[in-house]
Amino acid sequence: MRLELDEARRLTGPNLLWDHPGAIVDVMITGIDKNAVVTLWQHWAAKLLSEFGWQQQTIYRVHSEGANLALSAPMDALYCACDLAELAWHCTVAELQNAATPDWRQRLNEMQVELAEERNPELIALLQAAHQHNVSCIVDDDEVSLGMGKSSQTWPARALPALSSIQWQQYQDIPRAFITGTNGKSTSVRLASHIAKAAGFVAGVTSTDFIRVGEDIIDTGDYSGPGGARMLLRDPRTELAFLEVARGGILRRGIPIDAVNAALITNVASDHLGQYGINTVGELAQTKFVVAKGLDANGTLVLNADNKLVVEQAVQLGKKICWFSTQETNPLIQRQLSSGNAAVFIRDKHIIYALGSEEECIAALEQVPMTLNGAAQHNVQNALGVVGLCKAMNLSTQAICQGLLSFGSNAQDNPGRGNFYETKGIKVLVDFAHNEHSMQAVVKTVNQLPAKRKIVMFSHAGDRSDQEICDLTDAVLALDASLYVVTELQRYLRGRELGEVPQIVAEHLRQKSVPAQKIQFATDPLAGAKIAMSFAQPGDVVLLFVLSEREQVHQFLSQ
């Protein structure tokens, strides 16, 4: 019997389990009925809450490896709520193992002292007043702000203004949108912000690469969670915000803010399964769709009609939807048109936006650089989704067209995603793709380009299973390349030994009848890029999957 506490953490916004802030514990359960364990935890949680003097709710989610157990709590008591949820778990385990029950009364007494230190009644009063005045209030451990963009004002969490002094009418929201999906998120936020710039706005972006306002990068790193959103929305320069929302942020804390004008889900495919109890692609789809909880009353959800998992999940929603598809004949597109609702699709190699019987031709695919004249089908879909999103945010058709036509497939506009180079008669495509779905899409793109020979450099992170590494390698094998350059990723060994992943890849390539002379090894992506380019000749196409050292590879190719 295994009863193990994996993690306890705070939920600060609407999340996979429900819409309340609170605390969640992730537990591993094997060798015993999971529902019986959950029922006992709920019993203990109710008992402890009653003794503690809290009237809070509990909720749970059972999955293949255990359960997620949560209880609601005020925003100024989330750390204490984590302790209580964890204490309920320890009491549950003790009872199931016939062990001594923890001295929970003593622990509750200690928690009362901790709660008194954590509580912030002024914060709760401010949150309630902001809600009554329909003003956005953004909260973190250290700071609290009202409004967004240039109207935003921030105070230390322990030095809040008197409610009587607040001029509520001065605080305004800015247009804002969530963008999520397995692949295409970063490209989509960048393209959307480029379109907003064409419309005359100073657009802000959060992403897995950086936070940016206009042309200024505030900070680099993964800012696809609530922290990045707070920083961006508090920046007085931000006039319109596109917030990349990754799976990890949704599961760790919930969505960044409670209300957005629109949300885009690019697609759902297998990636990063096995974390936080998300073990199937269906569960991953449910996680991505948490962004729909953040739509305001008039908000639009922009969805990919070509993605089966997205379509299946959308059936359960009662939201206003704009569907997009590469096929005008897609049944969902036809249903949208007949019902007078919004749709984006391809007709005769042109991007069409339709609202019922009214249609607008946005641009020809050959005019949109990121699509490589339509060969990059994944970027065609990204473009369609962003068109739907920008229309939902009332950006003009002229700005959308201008943005699409001027957004380059280069390291300046979209670093690391579909960057196209040409040197000495050799075409080079650089991409960050790192899961099976995205790698297949990039390989499909390259296979549509004229080439004497194809050369590929690639690598995999160490936290993939051996089978996943082989599956990803199969995606690359679809190139039928003349040379496979396998590189090490020292930054992403993640528990593997140096050389272990390249060895797995090489063995799989040999099992797939790739001769040894077609396989070379490199110590890092820059070294791999140099090997690939030294082998290439005029007329060849080189595909570089660059997961690290992106800037160094860019500098090398730009010489």
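For the structure itself, consult the block above.
Notes on the structure in this doc start here. Small disclaimer: the values here were computed from a predicted structure and weren't measured. (Residues numbered from 1 in each chain as written. Predicted model: local features only at pLDDT ≥ 70, side-chain atom pairs only at ≥ 80, totals over all residues. Heavy atoms only, no water.)

## Looking at the pairing of strand β9 (residues 203-206)
- What you see with β9 is no split at all: A203 and V205 on one side and G204 and T206 on the other are buried throughout.
- When β9 meets strand β12 (residues 240-244), the two strands line up parallel, connected through four bridges. Across the sheet, residue V205 finds its bridge partner in β12, namely F242.
- Here three bridges tie β9 to strand β10 (residues 210-213), and the two strands are oriented antiparallel to one another. Each bridged residue has a counterpart across the sheet, and for T206 the counterpart in β10 is I211.
- What sits between the antiparallel neighbours β9 and β10 is a turn of three residues. (Buried < 20%, exposed > 50% of the residue type's maximum accessible area, 1.4 Å probe, protein only. Helix = DSSP H or I, 4+ residues; strand = E, 2+ residues; numbered from the N terminus. Pairing = 2+ DSSP bridges.)

## Comments concerning helix α3 (residues 104-118)
- Its 15 residues give α3 an end-to-end C-alpha distance of 20 Å, which sits within 8% of 21 Å, the value for a rise of 1.5 Å per residue.
- Turning to α3, the residues buried within the fold contact α1 (34-52) and α2 (78-96). (Expected span 1.5 Å × (residues − 1). Contact = heavy atoms within 4.5 Å.)

## A few points about the pairing of β10
- Going residue by residue along β10, you find F210 and R212 tucked away on one face and I211 and V213 tucked away on the opposite face as well.
- Pairing of β10 with strand β11 (residues 216-220), which is carried by four bridges, proceeds in the antiparallel orientation. The residue of β11 that forms the bridge with V213 is D216.
- Counted along the chain from β10 to the antiparallel partner β11, the turn is two residues long, and its residue G214 has a positive phi close to 60 degrees.

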